[in-house]
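Each chain, letter by letter, is given below.
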Amino acid sequence: MRYIAAYLLLQLANPEATPSAEAITKVISAAGVDVDSDRLNKLLSTLEGKDINELIAEGSSKLASVPSGGAAAGGAAAGGAAAAEEKSEKKAEEPEEESDEDMGFGLFD
């Protein structure tokens, strides 16, 4: 991910040029992170001859088709609310069963 981020930063700085391995290494090293040259070279060979804007658009369309799981979260929230209601009912019953008045004194008397 760091190599792609550095590539995109350099691409934004100069849209007419293709970022080189040396330039990407400088950006990543400036952040104090070690550079794996094999991974960097693999990324550059994969991106060679491709338009980065088209790749981003293609990736965005693929992400749009991935389910986000929002419906399951709504169901869990509803279940959690029902459980909270049950707990509040139980709490309301407990003080009646354990009353200090029955013993004739309170905890802090």
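The sections below set out a description of the structure shown in this document. (Residues numbered from 1 in each chain as written. Predicted model: local features only at pLDDT ≥ 70, side-chain atom pairs only at ≥ 80, totals over all residues. Heavy atoms only, no water.)

A word on the overall build of the protein chain. Of regular secondary structure, the protein chain possesses five helices and zero strands. For the protein chain, the N- to C-terminal ordering of α and β elements is α-α-α-α-α. Out of the 109 residues in the protein chain, the part that is buried amounts to 13%. Contacts in the protein chain between residues far apart in sequence, at least 24 positions, make up 42% of those at least 6 positions apart. Accessible surface for the protein chain amounts to roughly 8800 Å². Of this, 56% is attributable to carbon and sulfur atoms. (Helix = DSSP H or I, 4+ residues; strand = E, 2+ residues; numbered from the N terminus. Buried < 20%, exposed > 50% of the residue type's maximum accessible area, 1.4 Å probe, protein only. Contact = heavy atoms within 4.5 Å. Areas by Shrake-Rupley, 256 points an atom, 1.4 Å probe, with all protein chains shown as cover.)

This part takes up the packing of helix α2 (residues 21–30) against helix α3 (residues 37–47). Where α2 contacts α3, the axes come no closer than 11 Å and their chain directions differ by 130°. Put simply, α2 runs oblique to α3. As for how α2 packs across α3, the hand of that crossing is right-handed. Along the contact surface, α2 presents Ala21, Ile24 and Thr25, while α3 presents Leu40, Asn41 and Leu44. Residue classes in the contact of α2 with α3 are distributed as four nonpolar, two polar and no charged. (Axes fitted to C-alpha atoms, helices over the stretch in contact; angles between N-to-C directions. Parallel < 35°, antiparallel > 145°, perpendicular 65-115°, else oblique. Left-handed = near helix turned anticlockwise from the far one by under 90°. Nonpolar A, V, L, I, M, F, W, Y, C, P; charged D, E, K, R; others polar.)

Across the interface, helix α1 (residues 2–13) lies against α2 with an axial gap of 9 Å and an inter-helix angle of 110°. As far as their axial angle goes, α2 and α1 are roughly perpendicular. Viewed along their axes, α1 and α2 form a crossing whose handedness is right-handed. Contact with α1, carried on its side by Arg2, Tyr3, Ala6, Tyr7 and Leu10, involves Ala23, Ile24, Val27 and Ile28 of α2 and no other residues of that element.

By volume, the largest pocket amounts to about 180 Å³. Looking at the largest pocket, it is lined by 13 residues, and the ones nearest its centre are Tyr7, Thr18, Leu47, Gly49 and Lys50. Only α1 and α3 provide two or more residues apiece to the lining of the largest pocket. When the residues that make up the lining of the largest pocket are grouped by side-chain class, the tally is six nonpolar, three polar and four charged. (1 Å grid on protein atoms, 1.4 Å probe; cavity = no way out; pocket = protein on both sides within 12 Å on 5 of 7 lines; lining within 4 Å. Points joined across faces, edges and corners; volume = space filled by probe spheres on them.)

Residues Tyr3, Ala6, Tyr7, Ala21, Ile24, Ile28, Leu40, Leu43, Leu44, Leu47 and Ile52 constitute the largest nonpolar core, which totals 11 residues. Counting residues per element, the ones that place at least two in this core are α1, α2 and α3. Sort the elements by how many residues they give to this core and α3 lands first, with four residues. Once you skip the residues sitting within four places of it in the chain, Leu40 turns out to touch Tyr3, Ala21, Ile24, Thr25 and Val35. (Core = buried A, V, L, I, M, F, W, Y, C linked by side-chain atoms within 4.5 Å.)

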